[in-house]
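# Structure assessment
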Amino acid sequence: MNFMDTKEHILNSLRKNVRETYDMPELSFKKRTFEDPVKAFIETTITTAGAKLMEIKPDDDINQKIREVYPDARIIASNIPGVEANLNPDTLAEAQELEKTDVGVIKGEVACAENGCVWIPQTMKEKAICFISECLVILVSRKNIVSNMHEAYERIQFNDYGFGTFISGPSKTADIEQSLVYGAQAARGVTIFLTD
Amino acid sequence: MSTKHSIAAEKFLQNGERVTRHDQTFWSVRTKRDTLAYELDEWENLREAADKIKKHTVTHLADYLEQFEQNATRNGGIVHWAKDAEEYNQIVLKILRQHEVKKVVKSKSMLTEECHLNDHLFKQGIDVVETDLGERILQLMELAPSHIVMPAIHITREQVAECFRQKGIIAEHGTHAAEGILPTGEDPNQSSDPTFLTRAARYHLRDNFMTAECGMTGANFGIAETGDIVVCTNEGNADMSTSVPKLHIVSMGIEKLIPNYEAMGVFQRLLARHGTGQATTVYTSHFRGPRPGGEMHIILVDNGRSSILGNEEHWQTLKCMRCGACMNTCPVYRRTGGYSYTYFIPGPIGINLGMLKNADENYHNLSACSLCCSCDNVCPVKVDLSTQIYRWRQNLDGMHHADAMKKAMSKGMKVIFEHPNLYTSSLKFAPLVNAMPKCLTGIKLNGWTYGHEMPVFAKKSFHEIWKKQLRSESV
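Moving on: the overall build of chain B. Looking only at helices and strands, one finds 25 helices and 10 strands in chain B. Reported as C-alpha extents along the three principal axes, the dimensions of chain B are approximately 85 × 60 × 45 Å. Counting only residues that meet the buried cut, chain B has 57% of its 475 residues in that class. Restricting the contact set of chain B to residue pairs at least 6 apart, pairs at least 24 apart contribute 74%.

See below:
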């Protein structure tokens, strides 16, 4: 059976086997919101998500803040203007070159109070920076915090890179006897820089 | 007659300590789910919505699949269709051959288990490295998953440590992994500390991420309106697998499709809360096309799903999003373990999917249900799991798999219930059984005494009490 046959076969089988059809439901029920989403986001981030959080003032020196949180970092990767980095994910030939990154500095566009998720659209050539770095600093504005995932999905945007991810804290696993361990395959630590 | 499930369960139950640990582990996940459920006033609205969205999508699936293919293709992806496991495995192999792939890093996918992809690729000389920690442990131990979300939870830390030692992972990465985790002077070769073992696995898998030519993922959701593939993990292994290699192959069962982002909001909130008792997975990644200079292939797999849609009694299993909540709550699963089932997916959903796949092989699992209906009440998409199991049981006789002894008992009961006089005198004489010596009542033929004491028959039946006292009182 060739490709077209298979596709037609599956679609025909589906159309033939439908017995009764159902309408898409209305989803206007009331969803959980927070009086102060910023406060709720901070709380979720530093508790269940297992991340750190720093509130950044407009005249703070961001590079100094990075060194404050990660004083031992030798290799910093970022493509954000103004961030002092040894590696730029836009100019690398291969993702493998990011392997030894201690701290990756990236930007989040939308943050969600109910679960600590931050939407990070790919804005760099090598998205590996978001996962391969031992630790991540995620910059996000307090103006972009919403209460729940319904609101988050209304806001998120894609660009030509065609990838985006919600990240909530460091990589976790509980696969060995259900003991919670931070730093399974991706970032071991995450610090949210909450900007104005 | 015992089912294969009950025979395997009996073995599992011999180790009381292990049973208790297994039971408590999954019950704690169920408890975490409950805590999150009580936090949300809209919990039942979400389940209701999820149920209806899935019903809508699977009954319009052909249209949504076409829409998805159009959008995914426009985004630069390459869409393939596979009617069964064989065709699916061939497509994967063909893509890998075209790219001269020698090693694949793979994140957890139940669909690839269903199609036995790994074996197929190994035979063709292609190395497949599972990258979810639990899956990797099982792969190294040459074992199958015993749960769909927490596949290796039944393995002890000592067993993991022993396995990592045998496979040379401790020798290669132990010293590095011990830094800052084990107290100075502690021998990495003697440690079974979970943080240390996870760190050793991290370095071991890093090497594989760096050298593999292809990353394979499953799909938690496909979104018709945008062409996105959504993959949810806690470890970030799906993202590592797709950020370094340039080739990404997605394997998706056709029923994983949902219409749009509005629906995605509902499912994102339900998946982790039900599966692991977390408000979210750490990563919810949307793949909308290949990475720069790379290729993204999406294989849409039927493998029996389109015919399930035509099954009046069981089509709603297609709503399942594989969160594992029904296993975590199931009293039988918790006390008998994943390996007691004959199908690779255990628990209530596995019982049903196994029957749909091959009833003759998997009817054994139908006994693994007490009809407590807890699974129906926790399922985020409201699959009527226990009701479906009940229906299968009603049809067992027609499939020639009914238990001979239960059949004989049912026939006997039918005679008794149809003859009131016989019923009354049977009740009258039942207490005589109390006086029988145990060697008579405790025989193997009497299933009631297997594993517990024979119940004591009341001296007076309710029938009698009602006739003599209650009826006059109630008048």
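Looking only at helices and strands, chain A features 5 helices and 11 strands. For chain A, the C-alpha radius of gyration of 21 Å lies well beyond 16 Å, the compact-globule estimate for 196 residues. Here the analysis covers contacts within chain A between residues at least 6 apart in sequence; of these, 70% occur between residues at least 24 apart. With the model as given, the accessible surface of chain A reaches about 8,700 Å², and the carbon-plus-sulfur share is 47%. Of the charged side chains in chain A, 22 are positive and 30 negative, and the gap between their average positions amounts to 3 Å.

Contact with chain B, which involves 94 residues of that partner, is made by 73 residues of chain A. For the chain B face of the interface with chain A, the top three residues by lost area are B:W81, B:R202 and B:Y283, together amounting to 9%. There are 12 salt bridges connecting chain B and chain A. The closest approach of N and O atoms between B:E69 and A:K7, which form a salt bridge, is 2.7 Å. Summed over the shared surface of chain B and chain A, the result is 38 residue pairs in polar contact (both at pLDDT 80 or more). Here the element with the most residues in the side of chain B that touches chain A is helix α11 (residues 194-211) of chain B; it accounts for 10 residues.

Take the sheet that holds strand β7 (residues 145-146) of chain A next. Ordered in space as β7(A)-β4(A)-β5(A)-β8(A)-β9(B)-β6(B)-β5(B)-β8(B), the 8 strands form an open sheet in which the pairing is mixed. Two strands bound the open sheet, and with one partner strand each, they are β7 of chain A together with β8 (257-258) of chain B. Alignment of strand β5 (residues 221-223) of chain B against strand β6 (residues 228-233) of chain B, held across 3 bridges, turns out to be antiparallel. In the strand pairing of β6(B), B:I223 is matched with B:D228. Relative to the sheet, helix α13 (residues 261-275) of chain B contacts β5, β6, β8 and β9 (283-287) of chain B, its axis offset from that of β5(B) by approximately 165°.

Residues and elements named next belong to chain A. Positionally, V110 belongs in strand β4 (residues 110-112). According to the relative accessible area criterion, V110 is buried, its value standing at 5%. If we skip the residues at most four places from it in the chain, V110 touches C117, V118, W119, N144, V146, A152, R155 and I156.

One pair of aromatic rings is described through two measures. These are the centre distance and the angle between the planes. Evaluation of the coordinates by the stated rule reveals 14 aromatic pairs over all chains. When the ring of A:W119 is compared with that of A:F166, the centres are 4.9 Å apart and the planes differ by 55°; the resulting orientation is tilted. Here the residue A:W119 occupies a position in strand β5 (residues 118-121), and A:F166 occupies one in strand β8 (residues 163-167), the gap between them amounting to 47 residues. You can call A:F166 buried: its relative accessible area is 1%. Centre to centre, the rings of B:Y333 and B:Y341 are 6.2 Å apart; their planes meet at 35°, and the pair counts as tilted. A cation over a ring is seen here: A:K31 above A:F29, with NZ or CZ 4.6 Å from the ring centre. In this structure, B:R288 is placed above the aromatic ring of A:F158, and the distance from its NZ or CZ to the ring centre is 3.7 Å.

What follows deals with the sheet that holds strand β3 (residues 103-107) of chain A. Residue and element names in this part refer to chain A. Spatially, 5 strands are ordered β1-β11-β6-β3-β2 in an open sheet, and the strand pairing comes out parallel. One side of each edge strand has no neighbouring strand; the edge strands of this open sheet are β1 (52-55) and β2 (76-78). Here the average twist between neighbouring strands, direction ignored, is 20°. In this sheet, strand β6 (residues 135-141) lies alongside β3 in parallel orientation, the contact comprising 5 bridges. Residue G104 lies in a different strand from β6, and its bridge partner there is L136. Most of the contacts of helix α2 (residues 37-46) go to β1, to which it runs at about 145°, and overall it touches β1 and β11 (189-195).

Interfaces are often sized by the accessible area lost when the parts come together. As far as domains go, chain B holds domain 1 (4-29 + 313-394), domain 2 (60-155 + 213-301) and domain 3 (404-474). Distance from the C-alpha centre of domain 2 of chain B to the C-alpha centre of domain 3 of chain B: 55 Å.

Moving on, we get to a nonpolar patch on the surface. Residue and element names in this part refer to chain B. A cluster of nonpolar side chains, namely M409, M413 and F417, defines an oily patch on the protein surface of about 320 Å² accessible area. With respect to the secondary-structure elements, M409 resides in helix α21 (residues 404-418). Since its relative accessible area comes to 39%, M409 is described here as partly exposed.

This part covers helix α5 (residues 85-98) of chain B. Taking 1.5 Å of rise per residue, 14 residues should cover 20 Å, and α5(B) covers 20 Å from first to last C-alpha, within 8% of that figure. What α5(B) keeps buried is the set B:A85, B:E87, B:Y88, B:N89, B:I91, B:V92, B:L93, B:I95 and B:L96.

Moving on, we get to the nonpolar core. Membership of the largest hydrophobic core comes to 72 residues, with the highest contact counts inside it found for A:F41, B:L65, B:F68, B:I229 and B:L300. The greatest single-element share of this core, amounting to 6 residues, is contributed by helix α4 (residues 61-74) of chain B. If you look at the next biggest cluster of nonpolar residues, it comprises 68 residues, including B:A37, B:I53, B:I349 and B:L385.

A full pass over the atoms with the stated rule returns 42 salt bridges over all chains. Notably, a salt bridge pairs B:R206 with A:E134, separated by 3.9 Å at the nearest N-O pair. Of this pair, B:R206 sits in helix α11 while A:E134 sits in the loop between α4 (129-132) and β6, which puts the two residues in different chains. A:E134 carries the same exposure label as B:R206, and that label is buried. Where salt bridges share partners, they join B:E114, B:E255, B:R305, B:R322 and B:K357 into one cluster.

This next bit is on the pairing of β5(A). All names here are of chain A. Here β5 shows no split at all, with V118 and I120 on one side and W119 and P121 on the other all buried. With 2 bridges connecting them, β4 and β5 associate as antiparallel partners. Across the sheet, A111 pairs through a bridge with V118, a residue of β5. Count of turn residues in the β4/β5 antiparallel hairpin: 5 residues, of which G116 carries a positive phi of about 75°. Here β5 pairs with β8 via 4 bridges, running antiparallel. Looking at the pairing, W119 lines up with F166 of β8.

Calculation notes
- Residues numbered from 1 in each chain as written.
- Chains lettered and ligands numbered in written order.
- Predicted model: local features only at pLDDT ≥ 70, side-chain atom pairs only at ≥ 80, totals over all residues.
- Heavy atoms only, no water.
- Helix = DSSP H or I, 4+ residues; strand = E, 2+ residues; numbered from the N terminus.
- Buried < 20%, exposed > 50% of the residue type's maximum accessible area, 1.4 Å probe, protein only.
- Contact = heavy atoms within 4.5 Å.
- Rg over C-alpha atoms; globule rule 2.2 N^0.38 Å.
- Areas by Shrake-Rupley, 256 points an atom, 1.4 Å probe, with all protein chains shown as cover.
- Lys, Arg positive; Asp, Glu negative; His and termini not counted.
- Charge placed at Lys NZ, Arg CZ, Asp CG, Glu CD.
- Buried area = accessible area lost by both parts, 1.4 Å probe.
- Salt bridge = Lys/Arg side-chain N within 4 Å of Asp/Glu carboxyl O.
- Polar contact = N/O pair within 3.5 Å; in protein donor to acceptor, adjacent residues only side chain to side chain.
- Pairing = 2+ DSSP bridges.
- Axes fitted to C-alpha atoms, helices over the stretch in contact; angles between N-to-C directions.
- Phe/Tyr/Trp six-rings, centres within 6.5 Å; stacked < 30°, edge-to-face > 60°.
- Lys NZ or Arg CZ within 6 Å of the ring centre and 35° of its normal.
- Domains from an automatic or database assignment.
- Patch = residues over 30% accessible without salt bridge, like charges linked within 9 Å, V, L, I, M, F, W, Y side chains within 5 Å.
- Expected span 1.5 Å × (residues − 1).
- Core = buried A, V, L, I, M, F, W, Y, C linked by side-chain atoms within 4.5 Å.

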